[in-house]
Amino acid sequence: MIRPTALKKGDTIGLISASGATPPEKLQPAIATIEKLGLNVVVGETCHARHGYLAGTDDLRAADVHRMFGDPTINGIFCIRGGYGATKILAQLDFDMISANPKVFAGYSDVTALHIAFNQLCGFVTYHTPMPSTEFIRQEMDDYTWQSFIQQIMANEKTEFYLENPSNQPMSTLVAGRATGQLIGGNLTLVTASLGTPYEIDTRDKILFLEDIDETEQRVDRMLTQLKLAGKLDDVAGILLGAWTNCGPENPEKPAHCLSLQTIFQEILVPLGKPIIAELTCGHCLPTMSLPLGRTVTMDAVNQRIQVVE
C-alpha cells in the first residue's frame, strides 16, 4: 500500500462533498477550522451545489473528485461532510488517474464507499477522520480528536504507533486473541452496500472496523447477518467495533421485543472465534479516533492493544 505524503503547514487542501449537500452557513466556519491548521483551502464546486439531498449531480461530484486528485497544486483532499451519494459516483471515477496521484484523503461515514474503492483499486492508504462541516465546527470538538486527526494526516510517516482511546474510555474484549492484517472498513451500512457490486469489500485476512449511527438494533442485526452470509465475517483476521451512536431498540417501550447490540454481537460475531475488540472511540461521536485505512495493524484483544506496524 502506498502511503500518501504527509501534509505540512502551507499545503493546500481540496475541500469537496462526494455525498450530501453542505448547509451554506457551515461552509465558512469549516474553511476557517482547516486554515487554523496552517493549511490553505481550495473549495470544490460541490461545497456550494445542491441537487435535492446531494451535493450536486453525480457528474459534478465525480468531476470534483477528479479535479482535486488531478491538480498537482492540491496536496490533500478533505470531504466536508457525509450524508449520502458517494456510492452513486463510483462507476464514473477514473481509478487509473486517481491511483497515479495518491494524496491524503480524509472523511468517514458515507465516505466509506470511497475508502474501500481507493484502498482496493488504487492501492493507497486513506484516513477515516472527522469532517470539517460536522465535527470540526462543533463546540464539543476536543484536543484528543484534533491530535488523533493531526497524527494521521500530518505525521503519517510514522512506521509504528498505537491506536488508543482517551484514557477515561477503555476498550473491551469480546473474543480474546491476536491478529495482524490490513485495517479496512468504516460505516456498517456502506460496507454492506458494497456487496454484490464491482466495489465489494475484500475482507480476506483483514482487520475489519465497523461503526454506525441511527440504526435500530434490528437493522444492525440484518446487516451483520448479510455480511456473515456473504462470507465476509468468516474471512476476517479480526474485528474492531467502534461507536454505535443512537443505535438502539426500535420499540424501547416493549423491552421483550428488543435485542441489545451486545446480544447481537454475542450471537453473530463471537461464534466466529476471531479476535474482537469493542468500544473503540471512533465513529459518529466525540471524542473520536482517526484511523489509517490500508495500514497494517496488529490487534491484541487480550490486552486491548492496537498497533499500526510497518
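Placed above this text is the structure.
Residues numbered from 1 in each chain as written. Predicted model: local features only at pLDDT ≥ 70, side-chain atom pairs only at ≥ 80, totals over all residues. Heavy atoms only, no water.

(A) Spatial organisation of the overall build of the protein. In terms of regular secondary structure, the protein is built from 9 helices and 14 strands. Compactness check: the protein gives a C-alpha radius of gyration of 18 Å against a globular reference of 19 Å for 310 residues, within 12% of the reference. When its C-alpha atoms are laid out on the principal axes, the protein stretches across 50 × 40 × 40 Å. Evaluated residue by residue, the protein yields a buried proportion of 57% over its 310 residues. (Helix = DSSP H or I, 4+ residues; strand = E, 2+ residues; numbered from the N terminus. Rg over C-alpha atoms; globule rule 2.2 N^0.38 Å. Buried < 20%, exposed > 50% of the residue type's maximum accessible area, 1.4 Å probe, protein only.)

(B) Broad picture of helix α9 (residues 261-268). Among the residues making up α9, those that are buried are Leu261, Ile264, Phe265 and Ile268. For α9, the arc enclosing every buried residue in end-on projection is 100°, short of the 170-degree limit, so these residues lie on one face. Structurally, α9 contributes buried residues whose contacts are with β7 (172-175), α7 (217-229), α8 (232-235) and β10 (238-245). (Arc of directions from axis to C-beta. Contact = heavy atoms within 4.5 Å.)

(C) Summary view of the pattern of salt bridges. Inspection of the entire model under this criterion finds 11 salt bridges. Here Lys8 makes a salt bridge to Asp11, at a shortest N to O gap of 3.1 Å. A salt bridge links Asp202 to Arg204; the shortest N-O distance between them is 3.0 Å. Residue Asp202 is classed as partly exposed on the basis of its relative accessible area of 21%. On the accessibility criterion, Arg204 (54% relative accessible area) is exposed. (Salt bridge = Lys/Arg side-chain N within 4 Å of Asp/Glu carboxyl O.)

(D) Representation of the nonpolar core within the structure. If you look at the biggest cluster of nonpolar residues, it comprises 28 residues, and the most contacted ones within it are Leu188, Leu210, Leu224, Leu241, Trp244, Phe265 and Leu269. Sorting the residues of this core by element identifies β7, α6 (188-193), β9 (207-213), α7, β10, α9 and β11 (276-278) as the ones contributing at least two each. Judged by nonpolar contacts, the second largest core, of 27 residues, contains Ala18, Phe69, Leu93 and Ile98. (Core = buried A, V, L, I, M, F, W, Y, C linked by side-chain atoms within 4.5 Å.)

(E) Structural context of empty space enclosed by the protein. Applying the stated criterion to the full structure yields 2 cavities of 30 Å³ or more. Of the voids in this model, the largest cavity is the one considered here, and its volume is about 50 Å³. The wall of the largest cavity is formed by His115, Ile116, Asn119, Gln120, Ile184, Gly185, Ile201 and Leu293. Contributing elements (two or more residues each) for the lining of the largest cavity: α4 (112-122) and β8 (178-187). With 4 residues, the single largest contributor to the lining of the largest cavity is α4. (1 Å grid on protein atoms, 1.4 Å probe; cavity = no way out; pocket = protein on both sides within 12 Å on 5 of 7 lines; lining within 4 Å. Points joined across faces, edges and corners; volume = space filled by probe spheres on them.)

(F) Quick peek at the environment of Gln226. Within the secondary structure layout, Gln226 lies in helix α7. Since its relative accessible area comes to 37%, Gln226 is described here as partly exposed. Each residue touching Gln226, except ones within four places of it in the same chain, is listed here: Thr192 and Leu195.

(G) The layout of surface pockets, seen in detail. Its volume calculated, the largest pocket comes out at about 170 Å³. Contributing to the lining of the largest pocket are Pro23, Lys26, Arg81, Gly82, Gly83, Tyr108, Ser109, Met131, Ser133, Thr134, Glu135 and His284. For the lining of the largest pocket, the residue count by class is 3 nonpolar, 6 polar and 3 charged. (Nonpolar A, V, L, I, M, F, W, Y, C, P; charged D, E, K, R; others polar.)

(H) Local environment of the packing of α7 against α9. Where α7 meets α9, the axes come as close as 10 Å, and the angle between the chain directions of the two elements is 15°. With respect to α9, the element α7 is oriented roughly parallel. For the element pair α7 and α9, the recorded crossing hand is right-handed. For the pair formed by α7 and α9, the contact residues are Glu217, Val220, Asp221, Leu224, Thr225 and Lys228 on the first element and Leu261, Ile264, Phe265 and Ile268 on the second. Taken together, the residues that form the contact of α7 with α9 break down as 6 nonpolar, 1 polar and 3 charged. (Axes fitted to C-alpha atoms, helices over the stretch in contact; angles between N-to-C directions. Parallel < 35°, antiparallel > 145°, perpendicular 65-115°, else oblique. Left-handed = near helix turned anticlockwise from the far one by under 90°.)

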